Amino acid sequence: MKSFGQKPWMLPQPVLIIGTYDKEGRANAMNAAWGGTWDMHEIMISLGSHATTDNLKENDSLTVAFATTETLVASDFVGIVSARNDAEKMDKTGWTSEKAPNVDAPVFTAFPMTMECRVKQKIDESESGYYLVAEVVNVLCNEQYLSDDGKPDVERMKIITYDPIHLSYIQLGKTVGKAFADGKKLK
C-alpha cells in the first residue's frame, strides 16, 4: 500500500450549501464540504470565517441543502466568492429563495432537499472559524424527488460529493444494497 501521510480524505464528503440571512435580511449562501451527522437530530459543519459566520452571530438559523449536478456551477461559485467581497454574489447564481417555514433562513428552491436548522453550539470558536453543531428542525424535499414510499429518493436528486484528493465533484451513483439487512446473510 502507498502511504500519503496525514490527509483529511474522509470519503465521500458532502457538498453542503449553507443558507443564512444577513443583517438587512438578504439571503446568502456558502459551500461547505466538511460536515456530517453529529447525533440523532444534529449535524456538524466545520466553518472558517465567512459572511455566513458573520450572519450566524446575528441570527441562529440556517438552512443546509445538498448540491446536485444541476446546481454544481453555482454551488462551486458560492464556495469561491464571498458576499464580503461581492454584493452581487447571489444574483450571479440565478437562485431564488423563500423563507424557510420553521427557521429564519432562506430555502434556495433550486435544491431538491433542504434541512432547516438552528445553531446549538459553536465549538473552538476563534477568529478563523469554529465547528458548528446545529439541530435539524425539519427536512424539506421537493415532491418530484420523492420515491414510491413517499420518502426522499437520493438517486433522483443527483447529489454530488467533493473529492478532496483530485479537487473535483462526483455524482452519487445507484443503490447497491440494503443497510441493516444485507449483512444478515453472514449470521
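Please refer to the structure higher up on the page.
The structure displayed is predicted, hence computed values, not measured ones. (Residues numbered from 1 in each chain as written. Predicted model: local features only at pLDDT ≥ 70, side-chain atom pairs only at ≥ 80, totals over all residues. Heavy atoms only, no water.)

A. Region of interest: the pattern of salt bridges. Counted by the stated rule, this structure contains 7 salt bridges. With a closest N to O distance of 3.0 Å, Arg26 and Glu24 form a salt bridge. Here Arg26 and Glu24 have matching classes, each one exposed. Asp153 is the salt-bridge partner of Arg156, the closest N and O atoms lying 3.5 Å from each other. The exposure class of Asp153 is buried, given its relative accessible area of 17%. (Salt bridge = Lys/Arg side-chain N within 4 Å of Asp/Glu carboxyl O. Buried < 20%, exposed > 50% of the residue type's maximum accessible area, 1.4 Å probe, protein only.)

B. The side chain of Lys89, seen in detail. Position of Lys89 among the secondary structure elements: in helix α3 (residues 89-93). Put simply, Lys89 is tucked away with no salt bridge, and the nearest opposite charge, on Asp86, sits 8.6 Å away. In this structure, Lys89 is in contact with Asn28, Ala29, Met30, Phe77, Val78, Val81, Ser82 and Ala83, ignoring residues within four places of it in sequence. (Helix = DSSP H or I, 4+ residues; strand = E, 2+ residues; numbered from the N terminus. Lys, Arg positive; Asp, Glu negative; His and termini not counted. Contact = heavy atoms within 4.5 Å.)

C. Broad picture of the layout of surface pockets. In this structure, the largest pocket occupies an estimated 670 Å³ of space. Thr37, Phe66, Met113, Met115 and Val154 are the residues nearest the centre of the largest pocket, which is lined by 32 residues in total. Mapped onto the lining of the largest pocket, the elements with two or more residues apiece are β1 (13-14), β4 (35-39), β5 (42-48), β6 (61-66), β9 (113-126), β10 (129-141), α4 (154-157) and β11 (160-163). When grouped by side-chain class, the residues that make up the lining of the largest pocket number 20 nonpolar, 7 polar and 5 charged. (1 Å grid on protein atoms, 1.4 Å probe; cavity = no way out; pocket = protein on both sides within 12 Å on 5 of 7 lines; lining within 4 Å. Points joined across faces, edges and corners; volume = space filled by probe spheres on them. Nonpolar A, V, L, I, M, F, W, Y, C, P; charged D, E, K, R; others polar.)

D. Just the side chain of Gln13, in detail. Examined against the element boundaries, Gln13 turns out to sit in strand β1. In this structure the side chain of Gln13 is engaged in a polar contact, spanning 3.1 Å, whose partner is the backbone oxygen of Pro8. Side chain to side chain, Gln13 and Trp34 meet in a polar contact 3.5 Å long. (Polar contact = N/O pair within 3.5 Å; in protein donor to acceptor, adjacent residues only side chain to side chain.)

E. Highlighting the sheet that holds β4. Taking strand neighbours across the sheet as the criterion, the 7 strands line up as β3-β2-β6-β9-β10-β5-β4 in an open arrangement whose pairing is antiparallel. Here the strands that pair on one side only, and so sit at the sheet edges, are β3 (27-32) and β4. When strand polarity is set aside, the average angle formed by the axes of neighbouring strands in this sheet is 35°. Inspection of the sheet shows β4 paired to β5 by 4 bridges, in the antiparallel sense. Across the sheet, Asp39 pairs through a bridge with Glu42, a residue of β5. This element, helix α2 (residues 72-80), spans β2 (16-21) and β3 of the sheet and lies at about 90° to β3. (Pairing = 2+ DSSP bridges. Axes fitted to C-alpha atoms, helices over the stretch in contact; angles between N-to-C directions.)

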